[in-house]
Amino acid sequence: GVGAGYTNTTGYSNTFVGVNAGVTNTTGYSNTFLGERAGYTNSTGNYNTFLGESAGYSISTGNYNTLIGKDAGYNANQLATVVNSIGLGANAFTTRDNQVVIGDHNVVETQLRANVYIGSTSSTSHTQPTAKLHIAAGSATAGTAPIKLTAGTLLTTPEAGAIEFDGTDFYITI
C-alpha cells in the first residue's frame with residue numbers, strides 16, 4: 001500500500017501490507033503488519049504481528065507482540081514499549097509486558113469450551129485441569145492468593161450460587 005514501510009532504512013525481514021502500514025519503521029525487523037496504518041508508529045520494534053486496520057498503531061519500540069482486530073493496540077493507554085503481550089479483538093490494548101487482553105470494555109461474555117487451569121508457572125509442562133475451573137494453590141506471600149474478591153454492593157435479590165463480598169462479610173447464597 002502507499003507509504004507502507006516508507007521510512008525503513010536498515011530494518012529487514014518485514015512484511016507491510018496496507019496504506020501506511022509500518023510507515024515509521026526505520027530499524028525494526030521481523031515484523032508483520034497487515035492493514036491500513038497497522039504498526040503505524042513502530043520504529044524499532046521487532047517480532048511483532050499486527051493484523052487489522054490501525055492494529056498496533058500506538059506501539060513504537062515494543063517486541064514480540066501480537067495484536068489482532070481493528071484498532072487493537074491503538075489507544076492512549078497502550079504501552080508503546082510493551083513486550084510479549086497479546087491483544088485480541090477490536091479496541092483491545094495492553095498496558096503491561098507479558099499481558100493477554102481479550103476484547104475491550106464492550107465485551108460482555110467470554111466463553112471457553114473446555115476445562116481451564118489458572119496458575120501454571122512452568123514454561124515446559126502444564127497441569128492438566130481436572131475441573132471446569134482449576135486454580136493453582138497460592139502461597140504465604142501477599143498478592144498470591146488463589147482467589148480474591150473486590151468489595152462491592154450486594155445483590156438486591158440474592159441468586160442461588162452467588163458469591164459476594166461487601167468489604168466486611170463474605171456471602172454464599174444457597
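Residues numbered from 1 in each chain as written. Predicted model: local features only at pLDDT ≥ 70, side-chain atom pairs only at ≥ 80, totals over all residues. Heavy atoms only, no water.

Considering all chains together, one arrives at seven aromatic pairs under this definition. Between Y40 and Y57, the ring centres sit 4.8 Å apart and the planes meet at 5 degrees, which makes this aromatic pair stacked. Of the two residues, Y40 is situated in the loop between β2 (32-34) and β3 (49-51) and Y57 in the loop between β3 and β4 (66-68); the sequence distance between them amounts to 17 residues. In textbook terms, an aromatic cluster arises when at least three aromatic residues are bridged by ring pairs, as seen for Y12, Y29, Y47 and Y64. (Phe/Tyr/Trp six-rings, centres within 6.5 Å; stacked < 30°, edge-to-face > 60°. Helix = DSSP H or I, 4+ residues; strand = E, 2+ residues; numbered from the N terminus.)

Once that is clear, we can look at the environment of N91. Within the secondary structure, N91 sits in the loop between β5 (86-88) and β6 (100-102). Distance from N91 to S54, taken between C-alpha atoms, is 9.7 Å for residues 37 residues apart in sequence. Beyond its immediate sequence surroundings of up to four residues, N91 is in contact with K70, D71, A72 and D104. A polar side-chain atom of N91 sits 3.4 Å from a polar atom in the side chain of D104. (Contact = heavy atoms within 4.5 Å. Polar contact = N/O pair within 3.5 Å; in protein donor to acceptor, adjacent residues only side chain to side chain.)

The next thing to look at is the sheet that holds β2. Spatially, the six strands line up as an open sheet ordered β1-β2-β3-β4-β5-β6, and their pairing is parallel. Among the strands making up the open sheet, the edge pair consists of β1 (15-17) and β6. Ignoring which end each strand starts from, the neighbouring axes of this sheet average 5 degrees apart. Note: β2 against β3, three bridges, orientation parallel. Along β3, the bridge assignment pairs T32 with T49. (Pairing = 2+ DSSP bridges. Axes fitted to C-alpha atoms, helices over the stretch in contact; angles between N-to-C directions.)

This part is about unusual backbone geometry. Of note, the phi angle at S30 is positive, near 55 degrees, even though the residue is not glycine. Structurally, the position occupied by S30 is in the loop between β1 and β2. One non-glycine residue, S54, adopts positive backbone phi at about 60 degrees. Looking at the secondary structure, you find S54 in the loop between β3 and β4.

Topologically, N48 is positioned in the loop between β2 and β3. Engagement of the side chain of N48 in a polar contact is seen with the backbone nitrogen of N65, the distance being 3.0 Å. Residues within four places of N48 in sequence aside, it is in contact with S30, N31, T32, F33, N42, G62, N63, Y64 and N65.

A cluster of nonpolar side chains, I147, L149, I163, F170, I172 and I174, forms an exposed patch at the surface whose accessible area comes to about 700 Å². Judged by relative accessible area, which is 52%, I163 ranks as exposed. (Patch = residues over 30% accessible without salt bridge, like charges linked within 9 Å, V, L, I, M, F, W, Y side chains within 5 Å. Areas by Shrake-Rupley, 256 points an atom, 1.4 Å probe, with all protein chains shown as cover. Salt bridge = Lys/Arg side-chain N within 4 Å of Asp/Glu carboxyl O. Buried < 20%, exposed > 50% of the residue type's maximum accessible area, 1.4 Å probe, protein only.)

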